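# A look at the structure
Here are the chains, one letter per residue:
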Amino acid sequence: MAVVDVELKIKRYNPEQDEKPHWETYEVRVEDTDRVVDALHEVKWHHDGTFSFRRSCVHGVCGSDAMVINGSNALACVLLIKDVGTKISVEPIRGLPVIKDLVVDMEPFFDQYKSVLPYLINSKDPGYEERKQSPEDRARFDDTTKCILCAACTTSCPVYWGNESYVGPAAIVNAHRFIFDSRDEAGADRLDILNQRSGVWRCRTAFSCTEACPRDIKITQAIQEVKRAILYNRI
Amino acid sequence: MKVHRHSYDAVVVGAGGAGLRAAIETAGKCRVAVLTKLYPTRSHTGAAQGGMCAALANVEEDSWEWHAFDTVKGGDYLVDQPAAEIMCREAIDAVIELEHFGMPFNRTPEGRIDQRRFGGHTRNHGEGPVRRACYAADRTGHMILQTLYQQCLARDVNFFNEFQVLDIAFSEGRVSGLVAYELATGDLHVFHTKAALFATGGYGRMFKVSSNAVTLTGDGPGVLYRRGIPMQDMEFFQFHPTGIYKLGILLSEAARGEGGILRNADNERFMERYAPTVKDLAPRDMVSRAILTEVREGRGIGENKDYVHLDLTHLPPEQIDEKLPDITDFVRTYMGLEPKTQMIPIQPTAHYAMGGIPTNISAEVVVDGDNTVLPGLYAAGECACVSVHGANRLGTNSLLDIVVFGRRGGAAMAQYVNSVSHADLPAHVEDETRGLVERLRSSTGGENVADIRARLQEEMMDKASVFRTDESLRSVLDTVRSLRDRYQRAGIQDKGEVFNYDLTEAIELGFLIDLAESLVVSALARTESRGAHFRDDHPTRDDANWMRHSLAFRNDDGSVRLDYKAVVGGKYEPMERKY
Ligand SMILES: Cc1cc2nc3c(=O)[nH]c(=O)nc-3n(C[C@H](O)[C@H](O)[C@H](O)COP(=O)(O)OP(=O)(O)OC[C@H]3O[C@@H](n4cnc5c(N)ncnc54)[C@H](O)[C@@H]3O)c2cc1C
Ligand code: SF4
Ligand code: FES
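An account of the accompanying structure is given in this report. (Residues numbered from 1 in each chain as written. Chains lettered and ligands numbered in written order. Predicted model: local features only at pLDDT ≥ 70, side-chain atom pairs only at ≥ 80, totals over all residues. Heavy atoms only, no water.)

### What about the pairing of strand β5 (residues 128–134) of chain B?
Residues and elements named next belong to chain B. The condition that has to hold: To sort residues, take the accessible area from a 1.4 Å probe on protein chains only and compare it with the maximum for the residue type: under 20% means buried, over 50% means exposed, and anything in between is partly exposed. Helix and strand definitions follow DSSP, with helices as H or I runs of at least four residues and strands as E runs of at least two, each counted in order from the N terminus. Any two strands with at least two DSSP-identified bridges between them are counted as paired.
Of all 7 residues that make up β5, 5 are buried, and the element is covered over most of its length. Here strand β3 (residues 52–53) runs beside β5; their pairing, made up of 2 bridges, is antiparallel. Each residue of the ladder has a partner; that of cysteine 53, found in β5, is alanine 133. Across 5 bridges, the pairing between strand β4 (residues 115–123) and β5 is antiparallel. Note on β5: the bridge partner recorded for glutamine 115 is cysteine 134. Taken together, β4 and the strand that follows it, β5, pair antiparallel across an intervening segment of 4 residues, in which asparagine 124 is found at a positive phi of about 40°.

Below you can see the structure in the form of structure tokens.
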């Protein structure tokens, strides 16, 4: 642990004052084992209170603070200063409208998520007991249950930047979570939705999403599994 | 400031597990709005790791009565026993219902919901640990939060995301409205409503080292406390034994449930001395005190000898990967250590508020020592005090509490709003909130919000946490009062309307200061040790004088008036708490 001086370059935008975004640089003193979010807090609390960003859990489980750090999407509460260096640039995630500073409009992202029917659909009365599911069946969709809807994947996707009607990797991940759940009955409906123009076929397998995911979800693989299920009509 | 007006039958404040479960219960029965300062999936329920207990008996013999006994004993007999019985009995249905909602629990080889051990949960009234915690790896809370949110989407629940409730209105002796601040615009919204259910979570950010989200600032209790509702049992705040050193990030009890061991500087498994039967799986208050006793007696580790080790190195690596993947990742990310081969520095971390808004078993808020109901007002989850956790909550009982009492509150509220009409809103209902916002925005005082907050957190950690004395509590009370003065002179830099977190952080600090004072005054008065409240100067439990709940009322200047009410007993007579 050592005290270090960090130069933080932050892309700022205040809709009440600015015509367009601009960069501001701040010098802050932190410990090298601190998180990037701690440095951002230091800016906000002791340099410039007008700087806005979302955060809550500060340990990588709530999905509030996805941003572009030194060029790549990440959660500010998961990256440590010693791992990113003392010159850090921070800007909002791309592809969603910027509202203020690092705060973007998440509504389009959540609308895409909602479009894939992200809830268990099963019309049979299960009675008073749990539905049975073997550990193997449970394992089929384990990876995609980890998603915290941070949008790091979707907003790192070049296809998404160019075409906002594409549902994006996060929505596909959440569709996968139900399509491959042995208890669910609506897999075919979700495959229909993802077979449309805005669906999985937009994916060019660029792997940006998988690299961006802070939960290490194998997103590209999940998308491939969905594509295969559509092609071979098999879940 | 622009003001918008809405009318609903009922409003749920908060979209963590408790708020979402309540919303599901009201859906289709009345017109409901859910107001939440965070996107629902950002709520701290998602951080819960270890599990949710229910006596399903899927892997070994168990009964809900044993669960209720453990809950009462774990709470050091300050638990209201009828409430604990309801919770433990309904736990079974609650888990099954979550499974039907789609919750991806871990499974047994037969395909049933798997269960594991957790601190304080025992077979047949304390004979030995029992496998009672249902879980989904070490992200049980994440899965519950996602599942409940998904079910709300399926039911088309009406969310107002990033709306922060700052005031409540009563007329004709019942709830008539709420005032909320919209983060995206800085506008005020008045909700004319027959009923409100508060589910705003905890206030662990009162302390320096904490497992809680930075947004857990006690807004719900804070709003009600200012409007005359008492706060119950505030002196009982749980410190979880295993927070990552300095950061406070939680390493679930599941780590010890899976076989992890605590060790001091001599590499000794010291819990054998404090709790010979259940050892490392003793309840949290006891383990936290044991750790700090080791530290006080010089057997702590590190440069300042101020932490101990959590040892997982003897566990099979596959078991770690399969059962504890997230928390071992936290250790790698934040400590740079490999838990399969290296021991983990840990210290107690502020974790859970047993105290809060007093309610009965229907989640109706009760406002005095006679349990008088305030019509239309409900509370559930961590912000509420039923009381099922008494002086010390058992692990896994909060996820249970939020779904059981979230459901009960939602059901009671839906029924109530269908039997009454709206009460008229008081005139100028938003004036108080407008005044608060404008005062902070225009303040020229030079006090910095972050500095006041940091001082509050340090003092509360040093003097009002695991060990307390009359002297330490008087000292912290003085500090809280002087911080209240400084807070009056706090100014903010951001004068804008859009996403002004400078403003909302300042408002949140006001709630923390109020609640800190109620906590300290309640703790000062309680001259005994019980559960999480431990007084060095009164180290034993005193049932003759203190078998009662504290009620703290706020005076206009922020000072506190105390009252008390009886604990509701049941079949379990108080006995010494040994494990
Ligand atoms: C790290 C960690 C691990 C845990 N592990 C376990 C476990 O394994 N088992 C267990 O039983 N318990 C566990 N707990 C405890 C348990 O998770 C919490 O007590 C519980 O989830 C609280 O749920 P809640 O619904 O009451 O509040 P939260 O989930 O905290 O939700 C609060 C909600 O209120 C909203 N809100 C707050 N203020 C306002 C306002 N002014 N206006 C509008 N909305 C507002 C927020 O937006 C949020 O939606 C753990 C806790 C932590 C911190
Ligand atoms: S898949 Fe990963 S990157 Fe995408 S939203 Fe979910 S957690 Fe975030
Ligand atoms: S603040 Fe929750 S993920 Fe970073």
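Having seen the structure, we can now continue with the description.
### Observations regarding the pattern of salt bridges
Condition: By convention in these notes, a salt bridge is any Lys or Arg side-chain nitrogen within 4 Å of a carboxyl oxygen on Asp or Glu.
In this structure the tally under the stated criterion is 73 salt bridges over all chains. Measuring nitrogen to oxygen at the nearest pair gives 3.3 Å for the salt bridge that ties Glu7(A) to Lys87(A). Of this pair, Glu7(A) sits in strand β1 (residues 3–12) while Lys87(A) sits in strand β5 (residues 87–91), placing them 80 residues apart in sequence. Assessed through its relative accessible area of 27%, Glu7(A) is described here as partly exposed. Of the charged contacts, one joins Arg541(B) and Asp543(B) as a salt bridge, the two residues approaching to 3.1 Å between their closest N and O atoms. Owing to a relative accessible area of 23%, Arg541(B) belongs among the partly exposed residues under this scheme. Residue classification places Asp543(B) among the partly exposed residues on the basis of a relative accessible area of 29%. Three or more residues are tied together by salt bridges with common partners; here these are Asp76(B), Glu235(B), Asp285(B), Arg289(B), Arg526(B), Glu528(B), Arg530(B), Arg541(B), Asp543(B) and Arg577(B).

### Quick look at the site of ligand 2
Put simply, the rule is: For each residue, the test is whether any non-hydrogen atom lies within 4 Å of the molecule or strand; if one does, the residue is near. The nonpolar class holds Ala, Val, Leu, Ile, Met, Phe, Trp, Tyr, Cys and Pro. Asp, Glu, Lys and Arg form the charged class, and all remaining residues, Gly among them, are polar.
Close contacts around ligand 2 come from 13 residues, with Cys147(A), Cys150(A), Ala151(A), Cys153(A) and Cys213(A) the closest. By residue class, the composition of the shell around ligand 2 is 12 nonpolar, no polar and 1 charged.

### Quick word on helix α12 (residues 431–442) of chain B
Residue and element names in this part refer to chain B. Here is the rule we go by: Here the expected length of a helix is defined as 1.5 Å per residue gap, with one fewer gap than residues. It is the directions from the helix axis to the C-beta atoms that the arc portrays.
With 12 residues, α12 extends 16 Å between its outermost C-alpha atoms, agreeing within 8% with the 16 Å of an ideal straight helix rising 1.5 Å per residue. Of the residues making up α12, those classed as buried are Thr433, Leu436, Val437, Leu440 and Arg441. All buried residues of α12 fall inside an arc of 125° around its axis, so they share one side. Opposite its buried face, α12 presents the exposed residues Glu432 and Ser442, each directed more than 90 degrees away.

### A closer look at the site of ligand 1
Residue and element names in this part refer to chain B. Our working definition: For this analysis, a polar contact is any N or O atom pair within 3.5 Å, provided that within protein one partner can donate a hydrogen and the other can accept it, and provided that sequence-adjacent residues contribute only side-chain to side-chain pairs. Only the protein chains shown count as cover for residues, with accessible areas throughout obtained via the Shrake-Rupley method and a probe of 1.4 Å.
Surveying the vicinity of ligand 1 reveals 39 residues, the closest of which are Ser43, Thr45, Glu382, Ser398 and Leu399. Take serine 43: an N or O atom from its side chain is 2.7 Å from an oxygen atom of ligand 1. For ligand 1, whose unbound accessible area comes to 1,000 Å², protein coverage reaches 98%. At the level of secondary structure, the elements contributing two or more residues to the shell around ligand 1 comprise α1 (17–26), β2 (32–36), β7 (163–171), β14 (344–353) and α11 (397–417). Counting residues per element, the shell around ligand 1 draws most heavily on α11, which supplies 4 residues.

### Observations regarding the interface of chain B and chain A
Inclusion rule: Should any heavy atoms of two residues lie within 4.5 Å, those residues are counted as being in contact. Note on terms: buried area is the combined drop in 1.4 Å-probe accessible area of two parts once they are placed together, counting the loss on both.
On the chain A side, the residues contacting the 60 residues of chain B number 62 residues. For the chain B and chain A pair, buried surface summed over both sides reaches about 5,000 Å², with 51% attributable to carbon and sulfur atoms. Area buried by chain B at its contact with chain A is led by Arg42(B), His100(B) and Tyr334(B), which between them contribute 14% of it. Across the chain B-chain A interface, the total number found is 7 salt bridges. Between Lys100(A) and Asp494(B) there is a salt bridge whose closest N-O contact spans 2.7 Å. Remark: the boundary between chain B and chain A carries 34 residue pairs in polar contact (both at pLDDT 80 or more). Mapped by element, the contributors of at least two residues to the side of chain B that touches chain A are α3 (81–101), α4 (140–154), α10 (325–335), α13 (449–463) and α15 (501–525) of chain B. Considering each element in turn, the side of chain B that touches chain A owes the most residues, 8 residues, to α4(B).

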